[in-house]
Amino acid sequence: MTDVGRHPRIKLHTLTEVVDVKGYVGNFQVKLLKKARYVDEKECTFCGDCVEVCPVVRPDEFNLGLSSRRAIYSPFPQAVPASYVVNINECLGHNPSVCAKCVEACEKKCINFHMSDEEIVEKVGSIIVATGFAPYDPKEVDEYGYTRFENVLTSLEFERLVNAGGPSQGKLIRPTDMKPPKSIGFIQCVGSRSAIKGGEYCSNTCCMNTIKSTLVIKEHSPDIEVKVFHIDIRAFGKGFEELYKRSRRLGVKYIRGLPGTAEEIENKSLRIAIENTVTGKIEFHELDMLVLAIGIRPEKGNRKLQEMLGLQMTPDGFFLEAHPKLQPVDAATRGIFFAGCAESPKDIRDSVTQASAAAARAIRLMHKGEIVTEPITSEIIIEKCTSCGKCAEVCPYNAITVDKNKKTPASVNSAACAGCGTCAAECPFDAITMNHFTDDQIINQIDAMFENKPDTKILVFACNWCSYAGADYAGVSRLQYPSNVRLIRTMCSGRVDEKFIWEGFERGAPVILVSGCHFGDCHYIDANHWTEKRIHKVRNKMEKLGIRPERLQLKWISAAEGIIFAKFMGTMEALRQQVSQEEINETIEILKNRKRKMIDKNTA
Ligand code: FES
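Residues numbered from 1 in each chain as written. Predicted model: local features only at pLDDT ≥ 70, side-chain atom pairs only at ≥ 80, totals over all residues. Heavy atoms only, no water.

Colleague: Report on the overall build of the protein, specifying residues and quantitative values.
Modeller: In terms of regular secondary structure, the protein is built from 16 helices and 27 strands. Put simply, 68% of the contacts in the protein that link residues at least 6 apart link residues at least 24 apart. Accessible surface, the protein as shown: approximately 31000 Å² in total, 52% of it carbon and sulfur. Separation of charge centres in the protein, based on 80 positive and 77 negative side chains, amounts to 2 Å. (Helix = DSSP H or I, 4+ residues; strand = E, 2+ residues; numbered from the N terminus. Contact = heavy atoms within 4.5 Å. Areas by Shrake-Rupley, 256 points an atom, 1.4 Å probe, with all protein chains shown as cover. Lys, Arg positive; Asp, Glu negative; His and termini not counted. Charge placed at Lys NZ, Arg CZ, Asp CG, Glu CD.)

See below:
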């Protein structure tokens, strides 16, 4: 952090909040709100005279309330810049007649209560999202008595307690009597791997953090009895298994089973009951202290940032990478990258690895000073555009601007456009061309497909990233599926225009399948939500026209689901066999009539 603060080419904004982000790759404008520090950070020598005279005492957040701080304070020992900050809500001094003791004590005269928050706009080419995590709040799991018993701590509180710079200078003591405990129990997976409390995912770091804590205890006080209650121990990193074994060799007892409850007994000690899942027996353990290995939760501000940056999120609330294997640090929005627990729970080593990768990806993108954009972008046909704004509404990347009031035609920012084609599919006036996936190109493929024996064919629209790859996977895995399946590839299922479906049926298609990525996996943020809405709408129209809606299917198939692809093609074939030639002819007639009526209406 100090290196970052001193680096001539890094601008560090502390006490600052991101309030808005506009723009696109290579040209982001980030609006920041820099909070007033009330201390001139350039003049402050960090002497501490102000802190000594401050009469306001508050719990120290850095030590998780285990020690106290003043209203003028340094947030943590290595904070950058090395300067104090005033918490103006706690301070009495902004009314000098009440206090202002710090102002008098400061020789350099760097305390200024007239400072105000400042708005800053930074122009940047790429953004790395490294918002960290929020620790799980164990107040929910009150069966362990966190809110009732003082000797129940979280793993983070324990960490501060045994830290040399912590409230007890690293001395391991019980909060109630300030004496060293004789026995300590660690309860694993608090707020992790639970469908009811916290998250269903493994928080990744808790097992190793507990193992490290047991080693610290045993190295300093070998006589303390240490027990770890767990579901299983996940020591999968380099050298981690060895640490686990060392902890066991030092006498730490690992007991498989999580306690149901904890109760306070004599001398403020704790008694827990567990079912040992190895022996199958109920056990009771009496311990002087309990440590809850709390899980990692997504940072609370992630939602706001997601809206600002147009990012995807997992159902757990972490940011979703563009591709788990091939683009693990990239966001789906170009020019944005992830580092650390913003993306998923990680330990320090993994966070550093990901941060280095994100920095390298950002530099790679920026160092040339220019960006090569993909040719697959949408283009507005100005003469046809009515400025209705539908395209801008559906664009997952905010790449389209349109002024409905001034009635100026929509315009596409090709640097921000990722090429999903949802805008072209949704435009009611055919005023958007999707380069390389134009209407004509797709309709020509449909024509060619149904030139001969259309009643024997199954038309499948498959998105490039998931379903098409799923079909490929079925092929390379040599899975058998009906040979009459004909695929049309689009970049995203969002590109499948309603008119492609009508054209398919009009040319004699017995059945049509639209397939794409599962929700949350679409490579164009949430474009496939529009696919679902569109298919629903088309099916309703089919019903009204007297065409069986089952003949149009929608299926989400991922790149790894080759088996599902092959199976579903079997289902499609069974459906196809239920469609008679009479039904197909009737559909063709209905749709031709519909087209005629539409042409008459437009020319009237
Ligand atoms: Fe597959 Fe959007 S990329 S549905």
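Colleague: Describe in detail the environment of L459, supporting the description with residues and values.
Modeller: Relative to the elements of secondary structure, L459 occurs in strand 24 (residues 458-463). Residue classification places L459 among the buried residues on the basis of a relative accessible area of 0%. Separated by 13 residues in sequence, L459 and I446 place their C-alpha atoms 8.3 Å apart. Residues in contact with L459, not counting those within four places in the same chain, are M449, F450, R486, I488, G504, V511, I512 and L513. (Buried < 20%, exposed > 50% of the residue type's maximum accessible area, 1.4 Å probe, protein only.)

Colleague: I'd like a rundown of unusual backbone geometry, residues and numbers included.
Modeller: With an omega of 0°, the peptide bond between V80 and P81 qualifies as cis. One non-glycine residue, K268, lies in the positive phi region at around 60°. Along the chain, K268 falls in the loop between strand 14 (259-264) and strand 15 (270-276). The phi dihedral of D430 falls on the positive side, at around 50°, and the residue is not glycine. By the element assignment, D430 lies in the loop between helix 10 (422-426) and strand 23 (432-434). Under the relative-accessibility criterion, D430 is labelled partly exposed at 32%.

Colleague: Describe the packing of helix 13 (residues 498-506) against helix 16 (residues 581-603), and please don't skip the residues or the numbers.
Modeller: Where helix 13 meets helix 16, the closest approach of the two axes is 8 Å, and the angle between their N-to-C directions is 130°. Comparing their axes, helix 16 and helix 13 come out oblique. Of the residues in helix 16, those in contact with E498, W502, E503, F505 and E506 of helix 13 are T587, I588, L591, K592, R594 and K595. Of the residues assigned to the contact of helix 13 with helix 16, the class counts are four nonpolar, one polar and six charged. (Axes fitted to C-alpha atoms, helices over the stretch in contact; angles between N-to-C directions. Parallel < 35°, antiparallel > 145°, perpendicular 65-115°, else oblique. Nonpolar A, V, L, I, M, F, W, Y, C, P; charged D, E, K, R; others polar.)

Colleague: Tell me about the nonpolar core, and name the residues and values.
Modeller: In this structure, F461, I501, F505, I512, Y524 and L552 are the most contacted members of the largest nonpolar core, which totals 48 residues. Of all elements in the fold, only helix 10, strand 23, helix 11 (439-449), strand 24, helix 13, strand 26 (511-516), helix 14 (527-545) and helix 16 reach the threshold of two or more residues within this core. In contact with I512, not counting residues within four places along its chain, are L459, F461, I501, G504, F505, R551, L552, Q553 and M572. By size, the runner-up hydrophobic cluster in this structure holds 23 residues, among which are I184, I233, A235 and V252. (Core = buried A, V, L, I, M, F, W, Y, C linked by side-chain atoms within 4.5 Å.)

Colleague: Any details on a nonpolar patch on the surface? Residues and values, ideally.
Modeller: On the surface, a cluster of nonpolar side chains totalling about 460 Å² of accessible area is made up of M1, V4, I10, L12, F62 and F76. When you line up the elements, M1 lands in the segment before helix 1 (2-6). A relative accessible area of 53% places M1 in the exposed class. (Patch = residues over 30% accessible without salt bridge, like charges linked within 9 Å, V, L, I, M, F, W, Y side chains within 5 Å. Salt bridge = Lys/Arg side-chain N within 4 Å of Asp/Glu carboxyl O.)

Colleague: Kindly report on the sheet that holds strand 13 (residues 253-256), identifying the contributing residues and their values.
Modeller: With parallel pairing, the five strands of this open sheet are ordered in space as 10-17-11-12-13. Each edge of the sheet is formed by a strand with only one pairing partner; in this case those strands are strand 10 (152-154) and strand 13. Geometrically, the sheet is characterised by an average inter-axis angle of 25° between neighbouring strands, direction not taken into account. Across five bridges, the pairing between strand 11 (residues 183-190) and strand 17 (residues 289-294) is parallel. Across the sheet, the residue bridging to G185 is L290, located in strand 17. (Pairing = 2+ DSSP bridges.)

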